[in-house]
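Notes for the structure review
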Amino acid sequence: ISLPRSVALPSGFDLGFGVLTGLLFLTNFWVYQRSIVFNGLSLSVGVMRIAMIVPVVLALVLFRESLSAWNIAGIGLGIAAFGLKANLRELRNLLWIIGLFVISGLTDASLKLFKEFGSGGESVFIYIVFTSAFVFTLLTIIGMRISIPCKSILLGCGLGIPNRLSTVFFLKGLDSIPATLAYPIVAVCIVLLSIISDMVIWKKKATLRDVALWILLIISLVLLNI
């Protein structure tokens, strides 16, 4: 990750909050991974998406953003769809599910908090977030003497590119779209695209449950854009 030479030094808030956000990013990934081990993939993914309600409520209460009745209905349908995707029979450890919900919600909310309280230097903030996450990860690897194969390093670098770009685009999106709409729209689109990729790339056959989920998500997306 590099920065233009003309970029000013970060403020104290940007630096501290960027490091904290980097730690949240890393913690969220780790909790998500552990939740998959204990509770399965579908339940963990569903809970992560439902956690978007945390930054939405934050935007409503703290920043006085608003929602129309159509938007509220869209969020409700989205949450219902995420719940349908989650398989409650996979629940083995409630503590990891609660932790995943809280950490995911706080991680998502950190971007809105920066937009409101930060200096506005998004490129510097993103640089701090991902650099600090890298440093925390490296210290963990060294401290625990974890052996990492080259394939995992290459895959991690590859996944880091869309991860960073998604953060960049989302911060840009918050300039023109209220957080109360931005978070649920992104959450719904992620699940929609995951369903499409399952069918197109991995040739997964759609079940009636998948069709119902897809319909709910599309209606939710339409309502969120009214």
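See above for the structure.
These remarks concern the structure in this document.

The rules behind each value
- Positions within a chain are numbered from 1, following the residues in the order the chain's sequence is written.
- Given that the model is predicted, a residue must reach a pLDDT of at least 70 before its local features are reported, and side-chain atom pairs must reach 80 or more before they are shown or counted; all residues, however, enter totals for whole chains, interfaces and linings.
- Side-chain numbers come from the whole structure's heavy atoms, not from hydrogens or water.
- Per the convention used, a helix needs a DSSP run of H or I reaching at least four residues, while a strand needs a run of E reaching at least two, with both numbered from the N terminus.
- For this measure, only C-alpha atoms enter the radius of gyration; the expected value for a globule follows 2.2 Å times N^0.38, where N is the number of residues.
- To sort residues, take the accessible area from a 1.4 Å probe on protein chains only and compare it with the maximum for the residue type: under 20% means buried, over 50% means exposed, and anything in between is partly exposed.
- Note on definitions: a residue-residue contact is assigned when non-hydrogen atoms from the two residues lie within 4.5 Å.
- Helix axes are fitted only over the stretch in contact, all axes being lines through C-alpha atoms; the angle between N-to-C directions runs from 0 to 180 degrees.
- Crossings are assigned a handedness: left-handed for a near helix turned anticlockwise from the far helix by less than a right angle, right-handed for a clockwise turn.
- Definition of nonpolar core: a set of buried residues of the types Ala, Val, Leu, Ile, Met, Phe, Trp, Tyr and Cys, connected through side-chain atoms within 4.5 Å.
- Each patch groups residues whose relative accessible area exceeds 30% and which form no salt bridge, using 9 Å between like charges and 5 Å between nonpolar side chains of Val, Leu, Ile, Met, Phe, Trp and Tyr.
- Using a 1.4 Å probe, accessible areas were evaluated by the Shrake-Rupley method; residue-level cover was limited to the displayed protein chains.
- Salt bridges are defined by distance alone: a side-chain nitrogen of Lys or Arg within 4 Å of a carboxyl oxygen of Asp or Glu.

Here we look at the overall build of the protein chain
Along the backbone of the protein chain there are 9 helices and 0 strands. In the protein chain, the order of α-helices and β-strands from amino to carboxyl end is α-α-α-α-α-α-α-α-α. The C-alpha radius of gyration of the protein chain comes to 18 Å, within 12% of the 17 Å expected for a compact globule of 226 residues. Taken along its principal axes, the extent of the C-alpha atoms in the protein chain is 50 × 45 × 35 Å. For the protein chain, buried positions account for 35% of its 226 residues. Considering only contacts within the protein chain whose residues lie at least 6 apart along the sequence, 86% involve residues at least 24 apart.

Comments concerning the packing of helix H6 (residues 122-144) against helix H7 (residues 150-173)
With their axes 11 Å apart at the nearest point, H6 and H7 run at an angle of 145 degrees to one another. In the crossing of H6 with H7, the sense of the turn from one axis to the other is right-handed. Contacts between H6 and H7 involve Glu122, Phe125, Ile126 and Phe130 from the first element and Asn163, Arg164, Thr167, Val168, Leu171 and Lys172 from the second.

Describing helix H2 (residues 41-50)
Most of H2 is tucked away: 8 of the 10 residues are buried. Those residues of H2 that sit buried are Ser42, Leu43, Ser44, Val45, Gly46, Val47, Met48 and Arg49.

Considering the environment of glycine 18
Positionally, glycine 18 belongs in helix H1 (residues 12-39). Classification of glycine 18 as buried rests on a relative accessible area of 0%. Residues in contact with glycine 18, not counting those within four places in the same chain, are Phe13, Phe125, Ile128, Val129 and Ser132.

Some remarks on the nonpolar core
In terms of nonpolar packing, the biggest core is built from 31 residues, with Met52, Phe82, Phe125, Tyr183 and Leu217 touching the most fellow members. Breaking this core down by element, the ones donating at least two residues are H1, helix H3 (53-62), helix H4 (69-85), helix H5 (94-117), H6, H7, helix H8 (179-200) and helix H9 (208-224). If you tally residues by element for this core, the top one is H8, at 10 residues. With residues up to four places along the chain from it excluded, the contact list for phenylalanine 82 reads Gly46, Arg49, Ile50, Met52, Ala187, Val188, Val191 and Leu217. Counting 9 residues, the second-largest nonpolar core is a separate cluster that includes Leu43, Trp96, Leu100 and Ile103.

Focus on a nonpolar patch on the surface
A contiguous nonpolar surface patch, about 1100 Å² in accessible area, is contributed by Trp70, Leu193, Ile196, Met199, Val200, Ile201, Trp202, Trp214, Ile218, Val222 and Ile226. Per element, the largest residue contribution to the nonpolar patch is 4 residues, and it comes from H8. Accessibility expressed as a relative area gives 52% for valine 200, which makes it exposed.

Thoughts on the pattern of salt bridges
Here the structure, examined in full by the defined rule, presents 5 salt bridges. Salt-bridge contacts for lysine 112 lead to glutamate 65; the nearest nitrogen and oxygen are separated by 2.8 Å. Highlighted residues: lysine 112 in helix H5 and glutamate 65 in the loop between H3 and H4, separated in sequence by 47 residues. Relative accessible area serves as the criterion here: at 5%, lysine 112 is assigned to the buried category. For glutamate 65, a relative accessible area of 17% gives the class buried. Between lysine 115 and glutamate 122 there is a salt bridge, with the nearest N and O atoms lying 2.4 Å from each other. Where salt bridges share partners, they join Lys115, Glu122, Lys172 and Asp175 into one cluster.

Remarks on unusual backbone geometry
Of note, arginine 64 is a non-glycine position whose phi angle comes to about 55 degrees, a positive value. Inspection of the secondary structure assignment puts arginine 64 in the loop between H3 and H4. The phi torsion at arginine 145 lies on the positive side, around 55 degrees, for a residue other than glycine. For arginine 145, the position within the fold is in the loop between H6 and H7.

Function cannot be inferred from these measures alone, as they are strictly geometric.
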